[in-house]
Amino acid sequence: MNRVYNFSAGPSMLPLPVLEKAASELVCYGESGMSVMEMSHRSPDYEAIIADAESMLRKLMNIPDNYKVLFLQGGASTQFAAVPLNLIGRTGKADYVVSGQFSGKAFKEAQKMGYDVKCVATTKDDNFNHIPTVTKDMIRPDASYVHVCFNNTIYGTKYSYIPDTGDVPLVADMSSCILSEPVDVSKFGVIYAGAQKNMAPAGVTVVIVREDLLEYADPKMPTMLEWKIMAENGSMYNTPPCYSIYMLKLVAEWLLSIGGLEEMAKRNKEKCALLYDYLDSQNYYVAPVLEGSRSMMNVTFVTGNADLDKKFASDAAKAGMKNLKGHRSVGGMRASIYNAMPREGVEALVAFMKKFAEENPKA
Ligand SMILES: *Cc1c(COP(=O)(O)O)cnc(C)c1O
């Protein structure tokens with residue numbers, strides 16, 4: 001069976017060279033005589049793997065020395081709770097920008113814990129079709145942090161700017177855009193991301209946190225959620241998600257080998273331009289996201305007819321392009337074109353879209 005072009009929003013495609021390397025080492029890693037899956041996380045072999053994963057990620061993202069890199073479990077959704085628990089102690093209140101479903105969930109999670117949280121901007125009334133403009137004067141100067149979701153996986157929107165929050169630390173969920181392009185880490189207090197979109201298989205969650213922000217944890221918080229404890233223990237307070245971290249290392253190695261995030265960004269821009277240029281050139285499909293907010297990783301579009309949308313996804317799957325159905329909450333189509341999606345996959349999709357439009361005229 002041939003591999004398909006998999007447009008899944010996550011878990012999603014991994015680079016083929018990474019899968020092949022992992023396969024070649026699956027049963028026996030190096031001279032260890034065992035699989036990475038069977039190794040003690042305290043063994044020298046594994047310690048080298050996790051150290052490499054961290055140093056490669058630091059190199060790729062140019063992470064300053066005063067930031068800790070943590071490899072945690074529980075997915076980005078667990079960080080929705082961990083963020084307030086770790087940071088609220090700064091001032092007792094926090095501000096949120098709600099630009100889609102995940103940032104809404106993050107906001108609700110902080111609210112649920114009874115903290116003083118405020119939604120300072122949202123594009124809910126516009127069906128999240130763009131990113132709100134966030135300015136310093138909207139933010140409470142005594143907020144512990146401002147939380148944003150940098151790329152909205154479901155709606156296909158992305159910040160084209162880094163909000164200026166003054167002295168209030170900016171916390172960003174980058175689950176679906178991390179490693180897609182260079183980002184100035186020093187502009188953020190905390191960046192977190194589940195791995196299964198652009199970094200590794202599900203299982204590991206990366207948290208990049210400025211060291212001075214490790215001092216504000218709610219004393220009642222669960223130990224497993226406390227970044228400071230995890231930082232002090234090199235992400236090994238307990239057993240880390242060993243194999244996912246190993247896969248992350250292979251992905252980072254692959255990214256470095258192709259030229260790092262500058263080269264990746266160049267390829268990603270070209271890939272998404274193929275789709276957006278086509279979408280802008282015709283009127284069979286509509287791209288609901290406003291210009292200036294378009295995601296490079298998740299491209300959403302509709303035909304305007306639910307039956308045609310359904311047929312599109314199923315015909316595409318038959319043609320070797322899978323998982324193009326939009327999120328169950330919004331319908332339509334979504335092409336997730338993360339780092340591992342080759343340009344040929346996007347070209348094949350555009351060709352299919354043209355053909356589908358010709359063969360399925362609207363009544
Ligand atoms: C997928 C996703 C999440 C949820 O991640 P889990 O690892 O499943 O908890 C959160 N935020 C964003 C932006 C996502 O894309």
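Above this note sits the structure.
Quick notes on the rules
- Here the residue numbering is sequential within each chain, running from 1 through the sequence in written order.
- At least 70 in pLDDT is required for a residue's local features to be given in this predicted model, at least 80 for side-chain atom pairs to be given and counted, and no such filter applies to totals for whole chains, interfaces and linings, which use all residues.
- Excluded from the side-chain calculation are hydrogens and water; included are all heavy atoms of the structure.
- Each helix is a run of DSSP H or I of at least 4 residues and each strand a run of E of at least 2, with the numbering of both proceeding from the N terminus.
- Each helix should span, by expectation, one fewer than its residue count multiplied by 1.5 Å.
- In this scheme, the bend at a residue equals the angle between the axes fitted to the seven residues that finish there and the seven that begin there.
- To sort residues, take the accessible area from a 1.4 Å probe on protein chains only and compare it with the maximum for the residue type: under 20% means buried, over 50% means exposed, and anything in between is partly exposed.
- The criterion for strand pairing is that DSSP finds at least two bridges linking the strands in question.
- Here the axes come from fitting lines to C-alpha atoms, over the contacting stretch only for helices, and the angles between their N-to-C directions go from 0 to 180 degrees.
- In this description, contact between two residues means that some pair of their heavy atoms is separated by no more than 4.5 Å.
- Here the word oblique covers every angle except those under 35 degrees (roughly parallel), over 145 (roughly antiparallel) and from 65 to 115 (roughly perpendicular).
- Residues were grouped as follows: Ala, Val, Leu, Ile, Met, Phe, Trp, Tyr, Cys and Pro as nonpolar; Asp, Glu, Lys and Arg as charged; and all remaining residues, including Gly, as polar.
- Cysteine sulfur atoms that pair up within 2.5 Å are treated as a disulfide.

S.K.: Is there a simple way to think about helix 3 (residues 75-87) in this case?
M.R.: Each α-helix turn comprises 3.6 residues. Residues three or four places apart therefore point the same way. For helix 3, with 13 residues, the first-to-last C-alpha span of 18 Å sits near the 18 Å given by 1.5 Å per residue. Of all the bends in helix 3, the greatest reaches close to 35° and is centred on Ala-81; the proline Pro-84 follows between one and four positions later. In terms of burial, helix 3 is a largely internal element, 10 of the 13 residues being buried. The complete set of buried residues in helix 3 reads Ala-76, Gln-79, Phe-80, Ala-81, Ala-82, Val-83, Pro-84, Leu-85, Asn-86 and Leu-87.

S.K.: Teacher, can you tell me more about the sheet that holds strand 2 (residues 67-72) here?
M.R.: Within a beta sheet, neighbouring strands are joined by backbone hydrogen bonds and run either parallel or antiparallel to one another. Strand order in the open sheet formed by 7 strands is 2-10-9-8-5-3-4, with mixed pairing between adjacent strands. Looking at which strands have only one partner, the edges of the open sheet turn out to be strand 2 and strand 4 (116-122). Here the strands of the sheet are splayed against their neighbours by 20° on average, with no regard to which way each runs. Against the sheet, helix 2 (residues 44-61) contacts strand 2 and strand 10 (205-210), and its axis sits at roughly 130° relative to strand 2. This element, helix 4 (residues 101-112), spans strand 3 (93-98), strand 4, strand 5 (146-149) and strand 8 (170-173) of the sheet and lies at about 155° to strand 3.

S.K.: Explanation requested: the packing of helix 7 (residues 260-280) against helix 9 (residues 343-359) in the structure shown.
M.R.: Between two packed helices, what matters for the description is the angle formed by their axes and the separation of those axes. Interaxial distance between helix 7 and helix 9 falls to 9 Å at its minimum, and their mutual angle equals 10°. As summarised for this structure, helix 7 and helix 9 are arranged roughly parallel, according to the angle between their axes. Between helix 7 and helix 9, the contacting residues are Glu-270, Lys-271, Leu-274, Leu-275, Tyr-278 and Leu-279 on the first element and Arg-343, Val-346, Glu-347, Leu-349, Val-350, Met-353, Lys-354 and Ala-357 on the second. Residues of the contact of helix 7 with helix 9, tallied by class, amount to 9 nonpolar, no polar and 5 charged.

S.K.: What am I meant to see in the state of the cysteines here?
M.R.: One covalent bond between the sulfur atoms of two cysteine residues makes up a disulfide. A complete count under the given rule lists 0 disulfides for this structure. No disulfide involves Cys-28; its nearest neighbouring cysteine sulfur is the one of Cys-242, lying 17 Å away. Cys-177 takes part in no disulfide bond, and the closest cysteine sulfur to it belongs to Cys-149, at a distance of 7.4 Å.

The quantities given are spatial measurements derived from coordinates; they are silent on function.
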